[in-house]
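# Examination of the molecular architecture
Now for the letters of each chain:
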Amino acid sequence: MGLFDQISRTIAQSVDRARFEAEKFQKTTRLQSEVNELRRQIDSKLNELGQRAYELLRAGQIQSATLAELSTAVDQLRSALVVKEEELKQAQAEVYVEPPAPAPPPSQSVPIDYGPPPSSTPAVKHCGVCGFQMPGTAMFCPNCGTRVT
Ligand SMILES: [Zn+2]
């Protein structure tokens with residue numbers, strides 16, 4: 001067999017292999033979903049069967065210790081469900097409540113000292129150096145800059 005034939009054969013083989021893998025993937029994917037669907041249907045029918053058995057047992061039409069046990073378990077779960085559903089309803093109805101404003105710390109409750117009340121301050125005063133008249137609250141003479149007390 002020549003080199004060309006060997007290359008052709010190799011290419012043909014890898015094409016075949018790729019096609020095989022693609023078809024295998026498609027096939028297994030399809031089968032997997034069919035298997036899942038059948039399982040789902042079986043679960044659904046079993047659920048229906050259980051429902052019927054439960055009703056017949058509760059109606060006293062069938063006697064079975066095993067079924068009675070399962071039915072009791074279902075009743076207990078349903079009771080728990082009712083309680084849990086109520087809990088959920090209450091949790092859903094909860095609304096955010098603003099917490100009360102915290103009391104200010106003691107240091108802030110002390111009144112700020114604004115100095116002596118205006119009544120004890122003369123309305124006007126005069127600079128001791130230049131005699132400039134200024135408001136009684138002034139600390140420095142606006143004219144010469146001397147500190148006035
Ligand atoms: Zn002055």
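Above this note sits the structure.
The present account deals with the structure reproduced in this document. (Residues numbered from 1 in each chain as written. Predicted model: local features only at pLDDT ≥ 70, side-chain atom pairs only at ≥ 80, totals over all residues. Heavy atoms only, no water.)

Before going further, it helps to spend a moment on the side chain of Ser71. Position of Ser71 among the secondary structure elements: in helix H2 (residues 65-93). With a relative accessible area of 4%, Ser71 lands in the buried category. When near neighbours in sequence (up to four residues on either side) are disregarded, Ser71 contacts Tyr54, Leu57 and Arg58. (Helix = DSSP H or I, 4+ residues; strand = E, 2+ residues; numbered from the N terminus. Buried < 20%, exposed > 50% of the residue type's maximum accessible area, 1.4 Å probe, protein only. Contact = heavy atoms within 4.5 Å.)

On to the layout of surface pockets. A volume near 210 Å³ is recorded for the largest pocket. Taken together, Leu46, Asn47, Gly50, Gln51, Ala53, Tyr54, Leu67, Leu70, Ser71, Val74 and Arg78 form the lining of the largest pocket. Those elements giving two or more residues to the lining of the largest pocket turn out to be helix H1 (3-58) and H2. Partitioning the lining of the largest pocket into residue classes produces six nonpolar, four polar and one charged. (1 Å grid on protein atoms, 1.4 Å probe; cavity = no way out; pocket = protein on both sides within 12 Å on 5 of 7 lines; lining within 4 Å. Points joined across faces, edges and corners; volume = space filled by probe spheres on them. Nonpolar A, V, L, I, M, F, W, Y, C, P; charged D, E, K, R; others polar.)

With that settled, consider the packing of H1 against H2. The geometry of H1 relative to H2 is characterised by a closest axis approach of 10 Å and an angle of 100° between their N-to-C directions. The orientation of H1 with respect to H2, classified from their angle, is roughly perpendicular. On H2, the residues that touch Ala53, Tyr54, Leu57 and Arg58 of H1 are Leu67, Ala68, Ser71, Thr72, Val74, Asp75 and Arg78. Looking at the contact of H1 with H2 residue by residue, the classes come out as six nonpolar, two polar and three charged. (Axes fitted to C-alpha atoms, helices over the stretch in contact; angles between N-to-C directions. Parallel < 35°, antiparallel > 145°, perpendicular 65-115°, else oblique.)

Before going further, it helps to examine a nonpolar patch on the surface. Together, Leu3, Ile7, Ile11 and Val15 make up an exposed nonpolar region whose accessible area comes to about 380 Å². With respect to the secondary-structure elements, Ile11 resides in helix H1. (Patch = residues over 30% accessible without salt bridge, like charges linked within 9 Å, V, L, I, M, F, W, Y side chains within 5 Å. Areas by Shrake-Rupley, 256 points an atom, 1.4 Å probe, with all protein chains shown as cover. Salt bridge = Lys/Arg side-chain N within 4 Å of Asp/Glu carboxyl O.)

For the rest of this paragraph, the subject is the coordination of the zinc ion. Those donors, Cys127 (SG), Cys130 (SG), Cys141 (SG) and Cys144 (SG), are the protein atoms that reach the zinc ion, and they lie 2.2 to 2.5 Å from it. Because the angles between the four donor atoms bound to the zinc ion fall within 101 to 122°, the donor set is best described as tetrahedral. As a motif over one chain, the donors of the zinc ion read C-x2-C-x10-C-x2-C. Placement of Cys130 in the loop between strand S1 (124-126) and strand S2 (133-135) and of Cys141 in the segment after S2 is noted, with a sequence separation of 11 residues between them. Residue Cys130 is classed as partly exposed on the basis of its relative accessible area, which comes to 35%. Of the residues examined, Cys141 reaches a relative accessible area of 3% and is grouped as buried. (Donors = N, O, S within 2.8 Å, 3.2 Å for Na, K, Ca; no water. Tetrahedral: all angles 85-135°; square planar, octahedral: opposite > 155°, others 65-115°.)

Now for the pattern of salt bridges. If charged atoms from side chains of opposite charge come close, those side chains can pair. Per the stated rule, a full pass over the model turns up seven salt bridges. Salt-bridge contacts for Lys45 lead to Glu48; the nearest nitrogen and oxygen are separated by 3.6 Å. Separated by three residues within a single helix, Lys45 and Glu48 lie in helix H1, roughly one turn from each other. Residue Arg58 is joined to Asp75 by a salt bridge in which the shortest nitrogen-to-oxygen separation is 2.4 Å. Placement of Arg58 in helix H1 and of Asp75 in helix H2 is noted, with a sequence separation of 17 residues between them. Owing to a relative accessible area of 43%, Arg58 belongs among the partly exposed residues under this scheme. Overall, Asp75 belongs to the partly exposed group, its relative accessible area being 25%.

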